[in-house]
Amino acid sequence: EVQLVESGGGLIQPGGSLRLSCAASGITVSRDYMSWVRQAPGKGLEWVSLIYASGTTYYADSVKGRFTISRDNYENTLYLQMNSLRAEDAAVYYCARGMGRNWSFDYWGQGTLVTVSS
Amino acid sequence: QSVLTQPPSVSAAPGQKVTISCSGSSSNIGNYYVSWYQQLPGTAPKLLIYDNDYRPSGIPDRFSGSKSGTSATLGITGLQTGDEADYYCATWDSSLSGVVFGGGTKLTVL
């Protein structure tokens, strides 16, 4: 059974940093491509970042230069380092596994809530 | 403002059919495959359709997808109250070098 379990969310002040984790079981994060997708309260889904098995990474313009996606192959865990957080970064952050070659995501975690407020 | 345009809401009676449109451009839908996701209230998104018109294992054939040019459509037949959810289309955008989602469509089963 595939499980993706996010953690690391919480309340953080504007300008602060947070690292989200996504512990995977039933899949190997280093062999698949993985992504972070967020959802602000009451809003739609917004793609944040993606990392391929090769290690190539992509970011949404809204987070480029502030967020870094990475993985720990030994721990089979995906990460999202978030720096210089802004109020508009407040959202539920989901990690998801990419399926096939066409950017579909077949497994999702339950999400972790990030609140940015002073 | 989302790169992919979906109607904010659609509604239909139980047992009826509904379609949800997703309009894009040549930098996204026109040249890439489309996925569709269902998000029930308070839950994570669930993949309904991938590669324009394929259903993952376990998704009933009441759900279908199609694509033509720079638009895609999700169809749901035999509507059930349990289908009430938000539905999102998604694809790759070469201009943005990233995945893009539609703004989402709220389905109400009257």
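Residues numbered from 1 in each chain as written. Chains lettered and ligands numbered in written order. Predicted model: local features only at pLDDT ≥ 70, side-chain atom pairs only at ≥ 80, totals over all residues. Heavy atoms only, no water.

With that settled, the discussion passes to the overall build of chain A. On a plain count of helices and strands, chain A comes out with zero helices and eleven strands. When the helices and strands of chain A are placed in sequence order, the string is β-β-β-β-β-β-β-β-β-β-β. Radius of gyration (C-alpha) of chain A: 13 Å, near the 13 Å computed for a compact globule of 118 residues. Across its three principal directions, the C-alpha atoms of chain A cover 40 × 30 × 25 Å. For chain A, the residues scored as buried account for 50% of the 118 residues in total. Long-range pairs, those at least 24 residues apart, make up 53% of the contacts in chain A between residues at least 6 apart in sequence. Summing over all exposed atoms, chain A offers an accessible surface of approximately 5,400 Å²; the carbon and sulfur share of this is 45%. Considering chain A, the positive charge centre built from 10 side chains and the negative charge centre built from 10 side chains are found 5 Å apart. (Helix = DSSP H or I, 4+ residues; strand = E, 2+ residues; numbered from the N terminus. Rg over C-alpha atoms; globule rule 2.2 N^0.38 Å. Buried < 20%, exposed > 50% of the residue type's maximum accessible area, 1.4 Å probe, protein only. Contact = heavy atoms within 4.5 Å. Areas by Shrake-Rupley, 256 points an atom, 1.4 Å probe, with all protein chains shown as cover. Lys, Arg positive; Asp, Glu negative; His and termini not counted. Charge placed at Lys NZ, Arg CZ, Asp CG, Glu CD.)

Our next topic: the interface of chain B and chain A. Taken residue by residue, the interface counts 19 residues in chain B and 20 residues in chain A. Between chain B and chain A, roughly 1,700 Å² of surface is buried when both sides are summed, and carbon and sulfur atoms account for 66% of that area. For the chain B face of the interface with chain A, the top three residues by lost area are W92, V99 and F101 of chain B, together amounting to 31%. Taken together, chain B and chain A are joined by zero salt bridges. Secondary-structure elements contributing two or more residues to the side of chain B that touches chain A are β3 (35-39), β7 (85-93) and β8 (98-101) of chain B. The residue inventory of the side of chain B that touches chain A, partitioned by class, reads twelve nonpolar, six polar and one charged. (Buried area = accessible area lost by both parts, 1.4 Å probe. Salt bridge = Lys/Arg side-chain N within 4 Å of Asp/Glu carboxyl O. Nonpolar A, V, L, I, M, F, W, Y, C, P; charged D, E, K, R; others polar.)

Let us look at the sheet that holds strand β6 (residues 71-76) of chain B. All names here are of chain B. Sheet architecture is open: three strands sit in the order β2-β6-β5, paired in antiparallel fashion. With partners counted over all chains shown, the strands left at the sheet margins are β2 (18-23) and β5 (63-68), one partner each. Direction aside, the axes of adjacent strands within the sheet are offset by 20 degrees on average. Here β2 pairs with β6 via six bridges, running antiparallel. Looking at the pairing, S21 lines up with T73 of β6. (Pairing = 2+ DSSP bridges. Axes fitted to C-alpha atoms, helices over the stretch in contact; angles between N-to-C directions.)

Here we take up the sheet that holds strand β3 (residues 18-25) of chain A. All names here are of chain A. The four strands lie next to each other as β1-β3-β8-β7, forming an open sheet whose pairing is antiparallel. A strand with exactly one partner marks an edge of an open sheet, and here the two such strands are β1 (3-7) and β7 (67-72). Neighbouring strand axes in the sheet, compared pairwise and without regard to direction, differ in orientation by 15 degrees on average. Of the pairings in the sheet, the one linking β1 to β3 comprises five bridges and is antiparallel in character.

What follows deals with the state of the cysteines. Counted according to the given criterion, the structure contains two disulfides over all chains. The disulfide partner of C22 of chain A is C95 of chain A, and the gap between their sulfur atoms is 2.0 Å. Classification of the bridge connecting C22 of chain A and C95 of chain A rests on its S-S torsion, roughly 55 degrees, and on that basis the disulfide is right-handed. Placement of the pair is C22 of chain A in strand β3 and C95 of chain A in strand β9 (residues 91-99), with a sequence separation of 73 residues. Each of the two residues, C22 of chain A as well as C95 of chain A, counts as buried. Covalent S-S linkage joins C22 of chain B and C89 of chain B, the inter-sulfur distance amounting to 2.0 Å. For the disulfide bridge between C22 of chain B and C89 of chain B, the dihedral angle about the S-S bond is near 75 degrees, and by the sign convention the bridge is right-handed. Note that C22 of chain B is positioned in strand β2 and C89 of chain B in strand β7, a separation of 67 residues in sequence. We classify C22 of chain B as buried; its relative accessible area is 1%. Residue C89 of chain B is classed as buried on the basis of its relative accessible area of 0%. (Disulfide = S-S within 2.5 Å.)

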